[in-house]
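Analysis of the macromolecular model
Here is how the chains run, residue by residue.
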Amino acid sequence: MLEFLSQYNLTGVAAGLATFLIIGLFHPLVIKGEYYFGVRIWPLFAISGVVSVVLSVCVGNMLVSTLLAVWGASSFWSIGELFAQRERVRKGWFPKREKNAGAK
C-alpha cells in the first residue's frame with residue numbers, strides 16, 4: 001500500500017487525510033474524557049504524546065513517522081484542550097456530568 005501511494009505521488013494526500021481523521025478523533029476524546037473523568041486524565045494524553053513522538057523518530061517510513069508525530073502532537077494539544085473544555089463546561093457551553101445522578 002505504501003508503495004502504491006509513493007508510486008502515484010499520493011503520500012501527501014494520504015498524510016493529509018489521516019491527519020484530518022486523527023484530529024477529528026481527538027475532538028470527541030477530549031469532550032468525553034473531560035465529561036467522564038475530568039482533567040485528571042491529562043497524563044494519559046502526555047504518555048500517548050511522548051510514546052508517539054519517540055516512535056516517530058524510530059520509524060523509517062516517512063508516512064508512518066509523520067502520522068505518529070501528528071498523533072503525538074494531537075495528544076499534547078489535547079492536554080490544553082482538556083483544561084479549556086473544563087472552562088467551557090463551567091460557562092455552560094457543554095453539559096456537566098452530575099455525580100450519582102441515578103442515586104436517590
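This report concerns the structure included in the present document. Bear in mind the structure is a predicted one, so any value in this text is a computation, not a measurement.

Next up on the list: the overall build of the chain. For the chain, the count of helices and strands is four helices and zero strands. If you list the helices and strands of the chain from N to C, you get α-α-α-α. Against the compact-globule benchmark of 13 Å for 104 residues, the chain has a radius of gyration of 17 Å, which places it well outside the compact range. Reported as C-alpha extents along the three principal axes, the dimensions of the chain are approximately 60 × 25 × 25 Å. Across the 104 residues in the chain, those meeting the buried criterion constitute 28%.

Put simply, helix α2 (residues 11-37) and helix α4 (residues 62-90) touch, their axes get as near as 8 Å, and they point 30° apart. With respect to α4, the element α2 is oriented roughly parallel. Judged by the twist between their axes, the crossing of α2 over α4 is right-handed. Contacts between α2 and α4 involve Thr11, Ala14, Ala15, Ala18, Thr19, Ile22, Ile23, Leu25, Phe26, Val30, Ile31 and Glu34 from the first element and Leu63, Leu67, Val70, Trp71, Ser74, Ser75, Ser78, Glu81, Leu82, Gln85, Arg86 and Val89 from the second. Among the residues forming the contact of α2 with α4, the class breakdown is 15 nonpolar, six polar and three charged.

What follows concerns the environment of Leu67. Tracing the sequence through the fold places Leu67 in helix α4. Separated by eleven residues in the primary sequence, Leu67 and Ser56 place their C-alpha atoms 7.8 Å from one another. Beyond its immediate sequence surroundings of up to four residues, Leu67 is in contact with Ala15, Ala18, Thr19 and Ile22.

Counted according to the given criterion, the structure contains two salt bridges. Taking the shortest distance from any N to any O, the salt bridge between Arg88 and Glu81 comes out at 3.0 Å. The exposure class of Glu81 is partly exposed, given its relative accessible area of 24%. Measuring nitrogen to oxygen at the nearest pair gives 2.8 Å for the salt bridge that ties Arg90 to Glu87. Here Glu87 and Arg90 lie together in helix α4, a separation of three residues that amounts to about one turn. Residue Glu87 is classed as partly exposed on the basis of its relative accessible area, which comes to 33%.

This brings us to a nonpolar patch on the surface. A grouping of Met1, Phe4, Tyr8, Leu10 and Val13 is seen on the molecular surface, where their side chains present a nonpolar patch of about 560 Å² in accessible area. Relative to the helices and strands, Val13 is located in helix α2.

Reading the values: rules and limits
- Residues numbered from 1 in each chain as written.
- Predicted model: local features only at pLDDT ≥ 70, side-chain atom pairs only at ≥ 80, totals over all residues.
- Heavy atoms only, no water.
- Helix = DSSP H or I, 4+ residues; strand = E, 2+ residues; numbered from the N terminus.
- Rg over C-alpha atoms; globule rule 2.2 N^0.38 Å.
- Buried < 20%, exposed > 50% of the residue type's maximum accessible area, 1.4 Å probe, protein only.
- Axes fitted to C-alpha atoms, helices over the stretch in contact; angles between N-to-C directions.
- Parallel < 35°, antiparallel > 145°, perpendicular 65-115°, else oblique.
- Left-handed = near helix turned anticlockwise from the far one by under 90°.
- Contact = heavy atoms within 4.5 Å.
- Nonpolar A, V, L, I, M, F, W, Y, C, P; charged D, E, K, R; others polar.
- Salt bridge = Lys/Arg side-chain N within 4 Å of Asp/Glu carboxyl O.
- Patch = residues over 30% accessible without salt bridge, like charges linked within 9 Å, V, L, I, M, F, W, Y side chains within 5 Å.
- Areas by Shrake-Rupley, 256 points an atom, 1.4 Å probe, with all protein chains shown as cover.

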